[in-house]
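In case you want the letters, here they are:
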Amino acid sequence: MRPAVSGRTGARARVPNGAGPNGKGPVRRRGVAGRIFGALLGLVLLLALGGAAAGYAGYLHYASDLPGVDGLRHYQPRVMSRVYAGNGALMAELATERRIFVPYTAIPDLVKRAFVSAEDQNFWVHRGVDPVAIARAAITDISLVARGRRPIGASTITQQLAKNMVLGNEMSFSRKFKEALLAWRIEETLSKERILELYLNEIYLGQQSYGVAAAAQAYFNKSLDRLDVAEAAFLAALPKAPNNYNPTRFPDAARSRRDWVLDRMADDHAISPEQAAQAKTEPIVPASFRRPEIVQGADYFAEDVRRQLVDRFGADTTTQGGLMVRTTLDTDLQGAADRALRDGLLAYDRSHGGWRGPVGHLDANAATLRASWTTLLPQIARPPGMLPGWKLAVVLDESAADAKLGWLDRPADAPPGIAGVPRIFSLALGDTGWARPNRDGRMGPAPHRMSDIVQVGDVVMAEPAGAATVPLPGARGASALPAEKMLLRQIPQVQGALVSLDPRTGRVLALAGGWSYEMSQFDRATQANRQPGSSFKPIVFLTAMEQGISPSQRFLDAPFVLDMGAAGQWRPNDYEPEFLGPVPLRVALEKSLNLVTVRVAQKVGMEAVAQNAIAFHVVDNMPRVLPAALGAVDTTVLRMAGAYASLDEGGREVVPTMIDSVQDRDGHVLWRPAGTTCESCEGQVAQPPVLNDQRRSIADPDSVFQVVTMMQGVVQRGTGVPAGQGLKRPIAGKTGTSQDFNDAWFVGFTPDLVTAVWVGFDNPASLGDKETGGAVAAPIWHDFMAVALKNRPVLPFTPPPGVTLVASGNGALDAYKVGQEPGASTVAAMGDAGTPDSGVGPSTAASASTANALDTGMGGLY
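Predicted model, so just to flag it, every value in this text is computed and none were measured. (Residues numbered from 1 in each chain as written. Predicted model: local features only at pLDDT ≥ 70, side-chain atom pairs only at ≥ 80, totals over all residues. Heavy atoms only, no water.)

**A look at the overall build of the protein**
Keep this limit in mind: A helix here means a DSSP run of H or I that spans at least four residues, while a strand means a run of E at least two residues long, and both kinds are numbered starting from the N terminus. Whether a residue is buried, partly exposed or exposed follows from its accessible area with a 1.4 Å probe, protein chains only, as a fraction of its type maximum: under 20%, in between, or over 50%, in that order. Contacts: residue pairs with any heavy atoms within 4.5 Å of one another. Here the Shrake-Rupley method, with its probe set to 1.4 Å, supplies the accessible areas, and only the displayed protein chains count as covering residues.
Secondary structure assignment for the protein yields 23 helices and 29 strands. For the protein, with 862 residues in total, the buried portion stands at 49%. Sequence-distant contacts in the protein: of pairs separated by 6 or more residues, those separated by 24 or more amount to 70%. Just so you have it, the protein exposes about 40,800 Å², and 53% of that area is on carbon and sulfur atoms.

**What about the sheet that holds strand 21 (residues 669-671)?**
Here is the rule we go by: Strand pairing is assigned whenever DSSP detects at least two bridges linking the two strands. A fitted line through C-alpha atoms represents every axis, and for helices the fit uses only the stretch in contact; the resulting angles, taken between N-to-C directions, go from 0 to 180 degrees.
Spatial ordering of the open sheet is given by 2-1-5-20-21, a layout of 5 strands whose pairing is mixed. With partners counted over all chains shown, the strands left at the sheet margins are strand 2 (90-94) and strand 21, one partner each. Strand-to-strand twist of the sheet, defined as the mean angle between neighbouring strand axes without regard to direction, takes the value 25 degrees.

**Some thoughts on the pairing of strand 28 (residues 813-816)**
Across 4 bridges, the pairing between strand 27 (residues 804-807) and strand 28 is antiparallel. Each residue of the ladder has a partner; that of Thr804, found in strand 28, is Tyr816. Where strand 27 folds back onto strand 28 in an antiparallel hairpin, the turn is made up of 5 residues, including Gly809, whose phi is positive at roughly 95 degrees.

**Observations regarding the pattern of salt bridges**
Charged atoms that come close allow side chains of opposite charge to pair. We apply this condition: Salt bridges are counted wherever a side-chain nitrogen of Lys or Arg sits within 4 Å of a carboxyl oxygen of Asp or Glu.
Applying the stated criterion across every chain, the model contains 34 salt bridges. Between Arg423 and Asp409 there is a salt bridge, with the nearest N and O atoms lying 3.2 Å from each other. Of this pair, Arg423 sits in strand 9 (residues 421-428) while Asp409 sits in strand 8 (residues 402-409); the two residues are 14 residues apart in sequence, bridging distant segments of the chain. For Arg423, a relative accessible area of 14% translates into the label buried. Of the charged contacts, one joins Asp452 and Arg449 as a salt bridge, the two residues approaching to 3.6 Å between their closest N and O atoms. In the salt-bridge network here, residues are joined through shared partners; they are Arg78, Glu97, Arg99 and Glu202.

**Let's talk about the packing of helix 8 (residues 229-236) against helix 9 (residues 251-267)**
Threshold: Geometric relationships in this document are graded by angle, where less than 35 degrees denotes roughly parallel, more than 145 denotes roughly antiparallel, 65 to 115 denotes roughly perpendicular, and other angles denote oblique. The nonpolar class holds Ala, Val, Leu, Ile, Met, Phe, Trp, Tyr, Cys and Pro. Asp, Glu, Lys and Arg form the charged class, and all remaining residues, Gly among them, are polar.
Relative orientation of the contacting elements helix 8 and helix 9 amounts to 105 degrees, with a least axis distance of 8 Å. The pairing of helix 8 with helix 9 is recorded here as roughly perpendicular in orientation. Between helix 8 and helix 9, the contacting residues are Val229, Ala230, Ala233, Phe234 and Ala236 on the first element and Ala254, Arg258, Val261, Leu262 and Met265 on the second. Among the residues making up the contact of helix 8 with helix 9, the classes are represented as 9 nonpolar, no polar and 1 charged.

**Considering the packing of aromatic side chains**
Put simply, the rule is: Think of it this way: a Phe, Tyr or Trp ring, Trp meaning its six-membered ring, pairs with another when their centres are within 6.5 Å, and the plane angle makes it stacked under 30 degrees, edge-to-face over 60, tilted otherwise.
One pass over the structure, following the stated rule, counts 13 aromatic pairs. Seen from their ring centres, Tyr348 and Phe761 are 6.4 Å apart, and the 70 degrees between their planes marks the pair as edge-to-face. Of this pair, Tyr348 sits in helix 13 (residues 331-352) while Phe761 is found in the loop between strand 26 (753-760) and helix 22 (773-788), placing the two residues 413 residues apart along the sequence. Phe761 shares its class with Tyr348; the two are buried. Relative to Trp434, the ring of Trp355 lies with its centre 6.2 Å away and its plane at 75 degrees, an arrangement referred to as edge-to-face. Placement of the pair is Trp355 in the loop between helix 13 and strand 6 (360-361) and Trp434 in the loop between strand 9 and strand 10 (438-439), with a sequence separation of 79 residues.

**Focus: the sheet that holds strand 14 (residues 495-501)**
The strand order 15-14-26-25-24 describes an open sheet built from 5 strands, whose pairing is antiparallel. Across the chains shown, the open sheet's two edge strands, defined by having one partner strand only, are strand 15 (508-512) and strand 24 (732-737). Each strand axis lies, on average, 5 degrees off the axis of its neighbour in the sheet, ignoring direction. Taken together, the 6 bridges between strand 24 and strand 25 (residues 743-750) define a ladder with antiparallel strand orientation. Its bridge partner being in strand 25, Thr735 is matched across the sheet by Phe746. Of the strands in this sheet, strand 24 and strand 25 touch helix 20 (residues 701-717), which is tilted by about 65 degrees from strand 24.

**Let's talk about a nonpolar patch on the surface**
Heads up, the rule is: A patch is a set of surface residues, each over 30% in relative accessible area and not in a salt bridge, joined within 9 Å for like charges and within 5 Å for the nonpolar side chains Val, Leu, Ile, Met, Phe, Trp and Tyr.
A cluster of nonpolar side chains, contributed by Val32, Ile36 and Leu40, occupies part of the molecular surface with about 270 Å² of accessible area. The residue Ile36 is located in helix 1 (residues 28-64) in this model.

**A closer look at the packing of helix 15 (residues 537-546) against helix 20**
Short version of the rule: Two helices cross in a left-handed way if the nearer one is turned anticlockwise from the farther one by less than a right angle. They cross in a right-handed way if the turn is clockwise.
Where helix 15 meets helix 20, the axes come as close as 8 Å, and the angle between the chain directions of the two elements is 135 degrees. When the axis of helix 15 is compared with that of helix 20, the two are oblique. When you trace helix 15 past helix 20, the crossing you get is right-handed. Note on element contacts: helix 20 touches helix 15 through Ser703, Val704, Gln706, Val707, Met710 and Met711, opposite Pro538, Phe541, Leu542, Met545 and Glu546. Within the contact of helix 15 with helix 20, the residues separate by chemical class into 8 nonpolar, 2 polar and 1 charged.

**Comments concerning the nonpolar core**
To keep it simple, the criterion reads: Nonpolar cores were defined as sets of buried Ala, Val, Leu, Ile, Met, Phe, Trp, Tyr and Cys residues, with membership established by side-chain atoms within 4.5 Å.
Grouped together as the largest cluster of nonpolar side chains are 92 residues, with contacts concentrated most on Met91, Phe536, Leu585, Phe616, Val618, Met622 and Phe749. Of the residues forming this core, the biggest block, 8 residues, is contributed by helix 19 (residues 637-648). Each residue touching Met622, except ones within four places of it in the same chain, is listed here: Phe536, Met606, Ala610, Ala613, Ala628 and Val633. If you look at the next biggest cluster of nonpolar residues, it comprises 54 residues, including Ala114, Ile203, Ala216 and Met265.

**Side note on unusual backbone geometry**
For Lys728, which is not a glycine, the phi torsion comes out positive at approximately 55 degrees. By the secondary structure assignment, Lys728 is in the loop between helix 21 (721-724) and strand 24. Overall, the relative accessible area of 74% leaves Lys728 in the exposed class. Not every positive phi belongs to a glycine, and Asp740 is a case in point at roughly 65 degrees. With respect to the element layout, Asp740 can be found in the loop between strand 24 and strand 25.

**Let's talk about the side chain of Arg729**
The following threshold applies: The positive count covers Lys and Arg only, the negative count covers Asp and Glu only, and His and the chain ends enter neither. Counted as a polar contact is a pair of N or O atoms within 3.5 Å, where, for protein atoms, one must be capable of donating a hydrogen and the other of accepting one, and residues adjacent in sequence contribute only when both atoms are in side chains.
As for its position among the elements, Arg729 is in the loop between helix 21 and strand 24. We note that Arg729 is buried and unpaired, the nearest opposite charge coming from Asp752 at a distance of 5.5 Å. At 3.1 Å, the side chain of Arg729 and the backbone oxygen of Leu789 are in polar contact. There is a polar contact of 3.3 Å between the side chain of Arg729 and the backbone oxygen of Arg792. Setting aside chain neighbours within four positions, we find Arg729 in contact with Thr750, Leu789, Arg792, Pro793 and Val794.

**Here we look at helix 17 (residues 594-604)**
In terms of burial, helix 17 is a largely internal element, 10 of the 11 residues being buried. Every buried residue of helix 17 is accounted for by Asn594, Leu595, Val596, Thr597, Val598, Arg599, Val600, Ala601, Gln602 and Val604. Along its buried surface, helix 17 packs onto helix 15, strand 16 (554-557), strand 18 (569-570), helix 16 (585-590) and helix 18 (606-615). Once helix 17 ends, the next one or two residues include Gly605, with phi positive near 95 degrees.

**Digging into the side chain of Gln490**
Within the element layout of this structure, Gln490 appears in the loop between strand 13 (484-489) and strand 14. Here Asp349 takes part through its side chain, which lies 3.1 Å from a polar atom of the side chain of Gln490. If near-sequence neighbours (up to four positions away) are discounted, Gln490 is found in contact with Leu346, Asp349, Gly354, Trp355, Arg356, Trp390, Trp434 and Met461.

**Structural notes on the pairing of strand 25**
Each regular strand carries side chains that alternate between the two faces of the sheet. Most of strand 25 sits inside the fold, with 8 of its 8 residues counted as buried. Going residue by residue along strand 25, you find Asp743, Trp745, Val747 and Phe749 tucked away on one face and Ala744, Phe746, Gly748 and Thr750 tucked away on the opposite face as well. From the end of strand 24 to the start of strand 25, which pair antiparallel, there are 5 residues, and Asp740 there has a positive phi angle of about 65 degrees. Alignment of strand 25 against strand 26, held across 8 bridges, turns out to be antiparallel. Bridging from a neighbouring strand, Phe746 pairs with Val757 of strand 26. The turn linking strand 25 back onto strand 26 is made up of 2 residues.

**Examining the confidence of the model for the protein**
Stated formally: Here pLDDT means the predictor's own confidence in every residue, given as a number from 0 to 100.
Per-residue confidence for the protein gives a mean pLDDT of 84, with 80% of residues at or over 70. Segment residues 830-858: pLDDT under 50, and 48 contacts once partners within four positions in sequence are set aside and those in other chains are kept.

**Remarks on the environment of Ala510**
Tracing the chain through its elements places Ala510 in strand 15. Given the relative accessible area of 0%, Ala510 is considered buried. Residues Ala510 and Leu498 lie 12 residues apart in sequence; the distance between their C-alpha atoms is 7.7 Å.

If you want it as structure tokens, here you go:
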């Protein structure tokens, strides 16, 4: 019998829900769930494998063209180069980015903690990418994107470093992926300290400042170690958006962001809550950064140095390599050069330029003008080239004898927005005799009343003549006191250049390239090619001396004709209309006789003259034609100074240089000029140094001394007398005046200083009848040298061994070589046919190329 069961007959026994017959687990339901779970697990694994494969493929794709990070181990940031004068004064800063590199150990901990708290709280623990920050940013970005705003980032300091230094600012997923990969690599390569050092020196913080040190200067005029908590927090607030947190333009936003950084620093225990609260009470007070004093007036010199550095080292190294450049500039002589040149140009302009009118005009009646001129005058722009001591002044009243000028007394270095104190000075008619009206280049009569020069409302340039200033009556409570004087000024149209150098070393001590660098950056000392006129003649006479001709040899001063075939005839003339007949060469150079010079060049040959001109670096090449002997070639003021320095040095090659040395950021010397060295100087105690002159000889020293002696006569008795008046020391030199009085030169020297001066218009035009080098350039040379030679000893020109000095009358001396008979002479260069005007003969008849060369100028005048 089967055992009895409970319940209805034949009913199964009750088992737990979902259990099998044995009560130990599900049967059908478990099978369905298992299959679903298995499918999901498989899908997840498949997606994971696919994602891993895709990620690995993406890694291979992006990692393949990632830049290497090994270079970061020895990375040198872009640092400005500095140019210094000979006395160590700062001349210029050359930079594309203003950055001051500070090593990690020199960055205060307060600054480090501020930036870590603001930009990357987990910097010291993550491996380049911060997953927690990424998740936090993703959640925030959902709501930002929904509102149409730009998503925030979660880049770590390492990622920012990768972006700033390697990848750039492109907004794309691929760039972010590369950034993360590169950050991982950087973390594997560099220490955390090195990463933070590079970041704090590379980050852009506004105000043209790169790095924390430059930013501390730009915003607070402080060094990093002088920053307080509030200031450090403000700098750390800037990386996100430097322009949006500018404390001058957006003070509220700047303060709010700074306070946020202070809270983060307190959360990170970088500062205490009390320190944070105290710092929040402090306002952000920017302090204008005052850059180091720059040598004034050396802009042309500094620009020439910059161009030389770019040519030698490239633009990147020049502006980003941290070079230390020591130049040859003498700041005192540079100031004297600027003053002498400007005074000379002003003197010429006053005698030839006339009054060209006011700078501007204020349209108002007299009553309105006196009440509102202090507001209207600042609206007139200061003309480029206006000297710092000059003022813009408005004519408030004028009578027959004088005018009242109102101007604002404001320091030249005052920051923008600082109003000047109103002043009133008088302009006297007696001080304006030079201001003849200039109408279309024609000079009018001298002014008889002030209305001939200015009208009420005219704005003019003027210079206070007295030290005292008097406020304007009725303006800001000023009292009516007697007015002081002003002198009328205007910027000359004529230009000029001056170069002075040490002939022993070629070091350029001063260089003035024009009236004002602000008005024109074109350097007329090094970039303007002008005809030297008769200042070229010493090269011709040197060639004659080298061929054995003596200073007492007579050449004919008489008409000369060059037959140029179809081009006609060339008939050079002397400046003076009289012909002197046979003339000693010394006298011919003193009087700058063209006809004698042409005959000398004919005798010695233009090929020999050209070779000397090239050897002395007057030119790189030149036409072998007789007009070139009179200076119908192109050269620069610097080249002429160098050529005369070689004469001063007895025929040794002198190459002008403006740079003493160039060092890299580590102090290693990269370049210095060749020349005189002192190999025995190091380690010498008891023995005097022995100088090794490495300069090559480019001319016979005896012949050079003969020419130098003749050039002393130019200054003592000839065309260069104005240059040497009152200097009371041996001076040699030569005037130069090109065709049609377009160029005026004086180049001269003492045994220890060479100076070249040029005056002319940028677009060649006549300086005026009889405006020769002796009349225009020599006075400028004299005024400069009077200052430059003041504390220098009086030195003679020493003849080489074997050269004899013989008096020849009127205080003149001639130098003779061994074998030359003092005073002996024959009449030379009478022409091939033996007549004074027979020309140069068929051997030097002009060809087509000669005729073309003559188109550029017919030679010098005086």
